[in-house]
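Working through the structure, step by step
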Amino acid sequence: MSKEEIEFIGKQVKDMYGTYIGKVIGTITDIDGSVQTVGVDCGSEGLKQIAFEQLVIQGQFVIFIPRWRLDAQRLLREKGLTMRRIRALMDIVSENDDMKEDAELIHEKYKMKLLTLDETERQIKEKLEKRLAELDGQLKSIRMLRFDAKLQNKSNEISDSKYDLVKTHTVEIIEHIEHEKAEITSIQRRINDLSVESGERIESPKQDVHSAAISYLGKVESPSPSQPTTPISANIGVGNSIPTAPTPKPVAIGADGDEAPQDSDWLKRISSS
């Protein structure tokens, strides 16, 4: 076990949006000493075993990365690379028709990869929709609590200071939820941008690769550079890809799955919490 892994123990855990989760009290390791899960004391919710790749040290805290985020990140990266490979295949065949026969074999490989990613994409979309529904339910509950506190204040059941305290805490929670919803929506948009049109499928394996690739790419356009990007850490998980620097620089995933360094709102929120 590395020094950085041992430093997990005793640190407080927050999610990426600033909500306190609990405290690390230990780890479960494999026979080779590598960490499999991290035990987090979540108070009344008991001890939770969290996958090592979903946690990363950031200053005095351990940051929890939602599973949907890691899965979506992997999909964006793999699908973006597959589509770039198909575009490159189109260029090769258009420049040198003698390579058409060899390219057809490679094209079948990427065709099957896209079909596999289509199923993965469907599952991730379901997870994202489910999480959005959960967050909407939480928002309704929080707003109801805040409104009831206002009602109690107006009826002189609680003081103004108590009501202000309720408002402060509920506003903070609502901000965390809205940040997560915005990030999910942005990721959904990126996934949709990478989706391959399913109306035109290749039926003949001997079809011209140039035309076949176009049928897969359809009218997928390159994402606009002005489109807002949501911070997604490329190697945020610390399992096999734990950052070696003491203060890892956050990166974002573009619509094609590429990673680009940039400042991160959620890191600032964590630091200011």
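What counts, and at which threshold
Residues numbered from 1 in each chain as written. Predicted model: local features only at pLDDT ≥ 70, side-chain atom pairs only at ≥ 80, totals over all residues. Heavy atoms only, no water. Helix = DSSP H or I, 4+ residues; strand = E, 2+ residues; numbered from the N terminus. Buried < 20%, exposed > 50% of the residue type's maximum accessible area, 1.4 Å probe, protein only. Contact = heavy atoms within 4.5 Å. Areas by Shrake-Rupley, 256 points an atom, 1.4 Å probe, with all protein chains shown as cover. Salt bridge = Lys/Arg side-chain N within 4 Å of Asp/Glu carboxyl O. Polar contact = N/O pair within 3.5 Å; in protein donor to acceptor, adjacent residues only side chain to side chain. Pairing = 2+ DSSP bridges. Axes fitted to C-alpha atoms, helices over the stretch in contact; angles between N-to-C directions.

Brief notes about the overall build of the chain
In terms of helices and strands, the chain carries six helices and eight strands. The buried share among the 273 residues of the chain stands at 40%. Look at the contacts in the chain between residues 6 or more apart in sequence, and 63% of them connect residues 24 or more apart. Accessible surface, the chain: about 15500 Å² in total, of which carbon and sulfur atoms supply 52%.

Let's talk about the pattern of salt bridges
When their charged atoms lie close together, side chains carrying opposite charge are able to pair. Using the criterion set out here, one finds 17 salt bridges in the structure. In this structure, Arg122 and Glu119 form a salt bridge, with 2.5 Å as the shortest nitrogen-oxygen distance. A residue pair is termed a helical-turn pair when its members lie 3 or 4 positions apart in one helix, as Arg122 and Glu119 do in helix α3 (residues 100–154) at three residues. By relative accessible area, Arg122 is classed as partly exposed at 38%. Of the charged contacts in the structure, one is a salt bridge between Lys167 and Asp164, with a shortest N-O distance of 3.9 Å. On the criterion of helical spacing, the pair formed by Lys167 and Asp164 is a turn pair, its members being three residues apart in helix α4 (residues 160–194).

Points about the environment of Asp160
Within the element layout of this structure, Asp160 appears in helix α4. Counting along the chain gives ten residues from Asp160 to Lys150, while the straight-line C-alpha distance between them is 9.1 Å. There is a polar contact of 2.9 Å between the side chain of Asp160 and the side chain of Asn153.

Observations regarding the sheet that holds strand β1 (residues 12–15)
Pairing within the open sheet is mixed, and its six strands lie in the order β4-β3-β2-β1-β6-β5. Strand pairing shows two members of the sheet lacking a second neighbour, β4 (47–51) and β5 (55–58), which therefore form its edges. Averaged over all neighbouring strand pairs, the angle between strand axes comes to 40 degrees, with direction disregarded. Relative to strand β6 (residues 61–64), β5 is paired through four bridges, and the arrangement is antiparallel. Bridged to Ile57 within β6 is Val62.

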